[in-house]
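# Residue-level structure breakdown
For reference, the chains in residue letters:
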Amino acid sequence: MSRNNIKIIIVFLCVLIVGGVYMYVYKPNKDTTDSLKSETESLEKKLADLQEKNKHRDEYIEKTKAYYAEFDKIVQDFPATLDQELTVMFMKGIEDSQNGEFQIPSVGLGQPKQFYTLGGADGDYVCYTQSLPISYTGNYEGVKDYIDYIMNYQYRMNISSINISYDAENDVASGSVSMNAYAIAGGGREGDTLDLDVQTGVDNMFIGGDGAAANTNFAYDADNGEVIKTTNDIKITLNKAGNDTAAGVVVSAGADNTNVTSNDNDVVKVAVQIFEEDGKNYAKYAIGDKDYTVELVGKDVKIYVKSAARVDGDDKNSVKLNITNATKLPVFVKVDGDDAVSPRFSMGSKTGTVKVY
């Protein structure tokens, strides 16, 4: 091999060595150095930012506590659960608050649906919503009071739609409402509970409440209680309030001195208590603070409700009868002559055996 060729080979090898050193030593080290330099600059900026924030550490801690307190305060505007029994009592509360001016004959109990998750000091909170479609009857004032009731309710709710049909002749508003209820679960929150001073479960829900008899066949069933119209212990007469002959509501045990009356042109609550004292049975009927007590000598209690058709659109007089029967005596209520379109009589609460014909 000539000397020139050897020189060429040596030069070629030197080029290869220099290229290899650049590619596999210098360049990787340079890239690593540049990367570390960039990372160092980023960390230095982050460190400077954290050092600046650390100067306000106590301020941030106090603000965080305040924000969590505000968060907890807002959460209290929503219940922890949307249990159906609570919803039922909520609907009953609406009716009770409106004094008969807004009644809910039907309600749909939709299943709660999860729609959002929130973060909080005590972990995640899961948000639920429930649709509550209802149908209603009442008057226009009752509808407005119902809306106020929803807007001022202890928990946040909203009305998504409302439909109103108005009967001007009878001053009756009816329609449907779609409500939305909300709940926030989590963070150790506990749901509301019901504290009801009544027993649940009866043999037959159509003839009474707690203490009702299991037997559903009675002597008055054959003629649908017709005999009660002429043989009764208590008589309730319903007419237009302020008429020329008698009070709008008269509850009597026979004689005039037993009368308990009302001339309110409104829904009148009549309470009847059946009880035992010193081995004898009694019935006490009351309207507000006016009452009368009559001794019962038979084997049952017969109440005759003599109603009448409404006279005009201003005739609002009606009765809600609540019966508390603390005895073994069955109570039978016969309703006669009531208005077919807008009844004056409605059955309220009842305990013991109570059957309405």
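Residues numbered from 1 in each chain as written. Predicted model: local features only at pLDDT ≥ 70, side-chain atom pairs only at ≥ 80, totals over all residues. Heavy atoms only, no water.

Another aspect to go through is the environment of D300. Residue position: D300 is located in the loop between β11 (290-296) and β12 (301-306). With a relative accessible area of 13%, D300 lands in the buried category. Between the C-alpha atom of D300 and that of D233, which follows or precedes it by 67 residues, the distance is 9.2 Å. Discounting residues that sit within four places of it in the chain, D300 has contacts with Y220, D233, L329, P330 and F332. Side chain to side chain, D300 and K302 meet in a polar contact 2.9 Å long. (Helix = DSSP H or I, 4+ residues; strand = E, 2+ residues; numbered from the N terminus. Buried < 20%, exposed > 50% of the residue type's maximum accessible area, 1.4 Å probe, protein only. Contact = heavy atoms within 4.5 Å. Polar contact = N/O pair within 3.5 Å; in protein donor to acceptor, adjacent residues only side chain to side chain.)

The next thing to look at is the confidence of the model for the protein. Interpreting fine coordinate detail is not advised for predicted regions of low pLDDT. Taken as a whole, the protein shows an average pLDDT of 85; of its residues, 87% reach a score of 70 or greater. Looking at the elements of the protein, mean pLDDT is at its lowest for helix α1 (residues 3-54), recorded as 76, and at its highest for β12, recorded as 96. (pLDDT = per-residue confidence, 0-100.)

Okay, the packing of aromatic side chains next. Per the stated rule, a full pass over the model turns up 12 aromatic pairs. On the basis of an interplanar angle of 20° and a centroid distance of 5.7 Å, the ring pair of F275 and Y282 is categorised as stacked. Residue F275 is classed as partly exposed on the basis of its relative accessible area of 21%. On the basis of an interplanar angle of 25° and a centroid distance of 6.3 Å, the ring pair of F332 and Y357 is categorised as stacked. Here F332, found in strand β14 (residues 331-336), pairs with Y357, found in the segment after β16 (354-356); they are 25 residues apart in sequence, far enough to count as distant. Three or more aromatic residues joined by ring pairs form one cluster here, namely F90, Y149, Y153 and Y155. (Phe/Tyr/Trp six-rings, centres within 6.5 Å; stacked < 30°, edge-to-face > 60°.)

What follows deals with the side chain of S262. Tracing the backbone shows S262 in strand β8 (residues 260-262). A distance of 3.3 Å separates a polar side-chain atom of S262 from the backbone nitrogen of D264. The contact partners of S262, leaving out residues within four places of it in the chain, are A247, G248, V249, V268 and I287.

Considering all chains together, one arrives at 14 salt bridges under this definition. Of the charged contacts in the structure, one is a salt bridge between K144 and E141, with a shortest N-O distance of 3.2 Å. A residue pair is termed a helical-turn pair when its members lie 3 or 4 positions apart in one helix, as K144 and E141 do in helix α4 (residues 140-151) at 3 residues. What makes E141 partly exposed here is its relative accessible area of 42%. With a closest N to O distance of 2.9 Å, K302 and D300 form a salt bridge. (Salt bridge = Lys/Arg side-chain N within 4 Å of Asp/Glu carboxyl O.)

Put simply, the second largest pocket is a space of about 320 Å³. Along the walls of the second largest pocket sit 22 residues, with L86, T87, F90, Y153 and Y155 positioned nearest its centre. Counting residues per element, the ones that place at least two in the lining of the second largest pocket are α3 (84-97), β3 (123-138) and β5 (172-186). In terms of residue count, the dominant contributor to the lining of the second largest pocket is α3 (5 residues). Grouping the constituent residues of the lining of the second largest pocket by class yields 13 nonpolar, 6 polar and 3 charged. (1 Å grid on protein atoms, 1.4 Å probe; cavity = no way out; pocket = protein on both sides within 12 Å on 5 of 7 lines; lining within 4 Å. Points joined across faces, edges and corners; volume = space filled by probe spheres on them. Nonpolar A, V, L, I, M, F, W, Y, C, P; charged D, E, K, R; others polar.)

What follows is about the nonpolar core. Membership of the largest hydrophobic core comes to 27 residues, with the highest contact counts inside it found for V270, V272, I303 and V333. Every element with two or more residues in this core is listed here: β6 (234-238), β7 (249-252), β9 (267-277), β10 (280-287), β11, β12, β13 (318-325) and β14. When residues in this core are grouped by element, the largest group, 4 residues, is from β9. Filtering out sequence-adjacent residues up to four positions away, V272 remains in contact with I234, K284, Y285, I303, L321, N322, I323 and T324. If you look at the next biggest cluster of nonpolar residues, it comprises 18 residues, including F90, M91, I150 and A173. (Core = buried A, V, L, I, M, F, W, Y, C linked by side-chain atoms within 4.5 Å.)

Taking strand neighbours across the sheet as the criterion, the 5 strands line up as β11-β10-β9-β13-β15 in an open arrangement whose pairing is mixed. The open sheet is flanked by β11 and β15 (345-351), the only strands paired with a single partner. Taken over all neighbouring pairs, the strand axes of this sheet differ in orientation by 20° on average, direction set aside. Bridging between β9 and β10 involves 7 bridges; their strand directions are antiparallel. Of the residues in β10, the one forming a bridge with E277 is K280. (Pairing = 2+ DSSP bridges. Axes fitted to C-alpha atoms, helices over the stretch in contact; angles between N-to-C directions.)

Summarising the element assignment, N180 is placed in strand β5. Once residues within four sequence positions are removed from consideration, N180 is found in contact with T129, Q130, S131, M157, N158 and S160.

Another point: the sheet that holds β7. In space, the 6 strands of this open sheet follow the order β8-β7-β6-β12-β14-β16, with mixed pairing throughout. Each of the sheet's edge strands pairs with one partner strand only, and the pair in question is β8 and β16. Taking each pair of neighbouring strands and ignoring which way they run, the sheet shows an average axis angle of 15°. Both β14 and β16 contribute to a ladder of 3 bridges, which runs parallel.

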